[in-house]
Structure formats: C-alpha cells, structure tokens
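What follows is each chain in one-letter form.
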Amino acid sequence: MPDPYSQITTVAPGILDVLIKAMELRAADPRSQAIRKVFLSLVDLPDAARVLEIGCGSGAITRELAHLPKVAEVVGLDPSPVFLAKARQLAAGIANLYFDEGDARSLPYADNEFDLAVFHTCLTHVPGPEKAVAEAFRVLRQGGHLAILDGDYSTTSVAVGDHDPLQACAEAAIAGLVNDRWLSRRLPGMVRSSGFHLQRLDSYGYLQADSPDYMLTLVDRGADILVNSSRIDSALADGLKKEARRRAESGEFFGFIAFTGLVARKPPL
Ligand SMILES: C[S@@+](CC[C@H](N)C(=O)[O-])C[C@H]1O[C@@H](n2cnc3c(N)ncnc32)[C@H](O)[C@@H]1O
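Residues numbered from 1 in each chain as written. Predicted model: local features only at pLDDT ≥ 70, side-chain atom pairs only at ≥ 80, totals over all residues. Heavy atoms only, no water.

**Structural notes on the packing of helix 6 (residues 165–177) against helix 9 (residues 234–250)**
Each pair of packed helices can be described by the angle between their axes along with the distance between the axes.
Part 1 of the argument: Where helix 6 meets helix 9, the axes come as close as 10 Å, and the angle between the chain directions of the two elements is 110°. With respect to helix 9, the axis of helix 6 lies roughly perpendicular. Between helix 6 and helix 9, the residues in contact are Pro165, Leu166 and Cys169 and Leu240, Glu243, Ala244 and Arg247, respectively. (Axes fitted to C-alpha atoms, helices over the stretch in contact; angles between N-to-C directions. Helix = DSSP H or I, 4+ residues; strand = E, 2+ residues; numbered from the N terminus. Parallel < 35°, antiparallel > 145°, perpendicular 65-115°, else oblique. Contact = heavy atoms within 4.5 Å.)

**Overview of the nonpolar core**
Part 1 of the argument: One finds Val51, Met215 and Leu218 to be the most contacted residues of the largest nonpolar core, which totals 54 residues.
Part 2 of the argument: Broken down by element, the residue count for this core peaks at eight residues, all from helix 8 (residues 213–228).
Part 3 of the argument: In contact with Val51, other than residues within four places in its own chain, are Leu65, Val71, Glu73, Val74, Val75, Phe114, Leu116 and Val118.
Part 4 of the argument: Of all hydrophobic cores here, the second largest spans 27 residues; its members include Leu77, Cys122, Ala136 and Leu140. (Core = buried A, V, L, I, M, F, W, Y, C linked by side-chain atoms within 4.5 Å. Buried < 20%, exposed > 50% of the residue type's maximum accessible area, 1.4 Å probe, protein only.)

**Examining the packing of aromatic side chains**
Part 1 of the argument: What the rule picks out here adds up to six aromatic pairs.
Part 2 of the argument: Taking the centre distance of 5.9 Å and the plane angle of 85° together, the rings of Tyr206 and Phe259 count as edge-to-face. Residue Tyr206 is located in strand 6 (residues 197–208), and its partner Phe259 is located in strand 7 (residues 255–265); the two are separated by 53 residues in the primary sequence.
Part 3 of the argument: One aromatic cluster in this structure is built from Tyr153, Tyr206, Tyr214 and Phe259.
Part 4 of the argument: Note that Lys266 overlies the ring of Phe137, its terminal NZ or CZ placed 4.7 Å from the centroid. (Phe/Tyr/Trp six-rings, centres within 6.5 Å; stacked < 30°, edge-to-face > 60°. Lys NZ or Arg CZ within 6 Å of the ring centre and 35° of its normal.)

**Digging into the pattern of salt bridges**
Part 1 of the argument: Within this structure, the stated rule accounts for 18 salt bridges.
Part 2 of the argument: Residues Arg105 and Asp103 are paired through a salt bridge, measuring 2.8 Å at the closest nitrogen-oxygen approach.
Part 3 of the argument: Among the charged side chains, a salt-bridge network with shared partners connects Asp164, Glu243, Arg246, Arg247 and Glu252. (Salt bridge = Lys/Arg side-chain N within 4 Å of Asp/Glu carboxyl O.)

**Looking at unusual backbone geometry**
Part 1 of the argument: Unusually for a residue other than glycine, His163 sits at a positive phi of about 55°.
Part 2 of the argument: The phi torsion at Ser230 lies on the positive side, around 60°, for a residue other than glycine.
Part 3 of the argument: Relative to the helices and strands, Ser230 resides in the loop between helix 8 and helix 9.

**Regarding the packing of helix 5 (residues 129–139) against helix 7 (residues 183–193)**
Part 1 of the argument: Orientation of helix 5 relative to helix 7, taken along the N-to-C sense of each, is 45°, at an axis distance of 11 Å. One finds that helix 5 runs oblique with respect to helix 7. Considering only the axes of helix 5 and helix 7, their crossing is right-handed. Contact with helix 5, carried on its side by Pro129, Glu130 and Val133, involves Leu183, Met190 and Val191 of helix 7 and no other residues of that element.
Part 2 of the argument: Here the residues of the contact of helix 5 with helix 7 sort into five nonpolar, no polar and one charged. (Left-handed = near helix turned anticlockwise from the far one by under 90°. Nonpolar A, V, L, I, M, F, W, Y, C, P; charged D, E, K, R; others polar.)

Laid out in structure tokens, this is it:
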C-alpha cells in the first residue's frame with residue numbers, strides 16, 4: 001500500500017480525519033514537544049523573521065512556530081485542502097499565521113522570501129525530496145536557515161522481545177505510511193548538494209511507554225493495513241490491538257522512534 005501522505009489529495013475523507021487526529025496527537029505529546037523545543041533552539045533567527053512550514057498538515061507545528069521569539073510571520077503550505085481547512089480553523093485568532101495550498105517541489109513563492117524553512121515529518125512522505133530541498137533553498141534569503149525534523153523510521157519499534165507479534169503492526173504501519181523510511185540517512189548529502197552549509201545533525205529518541213496514545217495509533221493502523229492486504233483476519237487484528245492496550249494499561253508498553261534533526265544554512269552573500 002502506498003504512503004497516503006505522498007498522494008494526499010486522492011485520500012478519502014474518513015482517512016484524512018484519522019491522519020488529522022494522529023498529527024494533532026503527536027504534536028501535543030509532551031515528549032515530541034520537548035524534542036522540538038531543543039531542536040528549534042538550535043536555529044538562529046533574525047528579528048522579525050518570516051518562516052515557512054512546508055507540509056504543514058493540520059498546522060500543529062505551524063501554530064507553535066508562530067509563537068517563537070523573533071518570528072513576525074509564519075506561512076504553512078500543504079497540498080491538501082482538507083488539512084488546510086482544519087489548519088485555518090485550529091489557528092483562528094493567531095494573527096501572524098497564514099496557509100497556502102501548494103507542493104513542496106514547486107513552491108508558489110518568489111526567490112529569497114523567507115528566513116527559515118521547516119520540514120517537520122514531511123520529507124519522508126515526498127517522492128523526489130531533492131526537488132523539495134532545492135525549492136527550500138531557492139525561497140530562503142541568503143543566510144536563511146533550513147530546519148528538518150523527521151522520523152528515522154527504520155528504527156520504529158514496539159517490540160519488547162524477539163518475534164514480538166506487535167512489531168509486525170509497526171512494520172506494516174511504517175511500510176504503508178512512509179514513502180522513504182531511510183531518508184534520514186541521506187539527508188546530509190542531499191542538503192549539501194543543494195548548496196546548503198550543514199550546521200547540525202542530531203538524533204532524538206521519541207519514547208512512548210506510559211499513555212502511548214500516538215504509538216497505539218501506529219499499532220492500529222498497521223493491524224488494519226495487514227487486514228486490508230489479506231495477511232491476517234480482523235479477529236487477529238483486534239487481538240493485536242487488544243494486546244497493545246493490555247500492555248499500555250499494565251505499564252508494559254514500549255514504543256520507540258528515533259527522529260533526525262538537521263539544521264543547515266543558505267550561505268550569506
Ligand atoms: C506526517 S504529515 C506532517 C504534518 C505536519 N508537518 C506535522 O508535523 O504535524 C506530512 C505532511 O506532508 C504533506 N505533504 C505530502 N506531500 C507533499 C508535497 N509534495 N508537498 C508538500 N507537502 C506534502 C502532507 O499533506 C502532510 O500534511
């Protein structure tokens with residue numbers, strides 16, 4: 001099954017609702033917030049900065065960016081009109097925040113418009129990410145920054161031992177929801193080839209054990225993918241989902257994804 005995010009404009013409304021809930025859930029998780037706090041503190045912004053979030057989804061991260069010190073204006077861009085409608089609704093009342101429809105590989109902006117371009121869990125879903133990075137370079141001012149935070153999804157694990165059947169759900173979820181799970185490993189070379197100077201490359205552990213609400217959505221979506229691809233029947237899928245919840249309730253659940261954070265700079269004149 002192909003990554004739904006990579007062809008988001010063709011996805012059924014019911015699935016878009018599930019994706020919106022998962023994006024908002026993950027963004028609200030204190031552990032993911034803590035990772036972003038450290039990551040974004042590494043970016044040196046000028047006063048009155050103009051910021052672009054590429055692949056903003058329902059705008060959870062765009063809203064955070066709008067409240068960063070020194071930020072004058074934030075624009076969130078996404079190809080999905082449904083995500084953008086939700087993003088506008090959730091951002092009502094935030095004055096310095098706008099949303100545009102568009103594709104990362106062909107940005108609807110002039111050269112040198114932004115001080116910071118952010119890809120937050122976006123590039124792993126975009127076929128042809130090199131083009132998106134090159135577009136970010138084009139729309140950034142000289143000296144502007146690129147900030148990429150994305151899952152190093154090959155590390156995704158919910159196993160607590162060898163041959164743990166829940167791991168099959170995590171594997172199916174990543175295979176079905178992420179266009180390129182290995183992208184993190186190629187990002188440094190990719191941004192350098194586009195002309196950026198690499199400033200930071202870091203790994204952040206995202207661990208959910210108590211209240212693993214986001215990781216449970218991955219188990220559920222993986223189990224559903226296994227049913228839809230006729231690998232298991234729905235009774236087994238229900239059993240796997242129940243087992244994940246049993247572990248969560250008894251304090252035995254362990255879910256982990258490493259995230260890669262990269263900060264790069266378009267060389268000043
Ligand atoms: C996992 S979501 C992340 C959304 C948001 N950045 C967040 O972290 O909450 C991936 C986003 O990438 C967007 N996307 C997929 N293909 C894209 C493309 N070609 N250009 C721009 N965004 C794209 C999807 O529509 C989706 O909103």
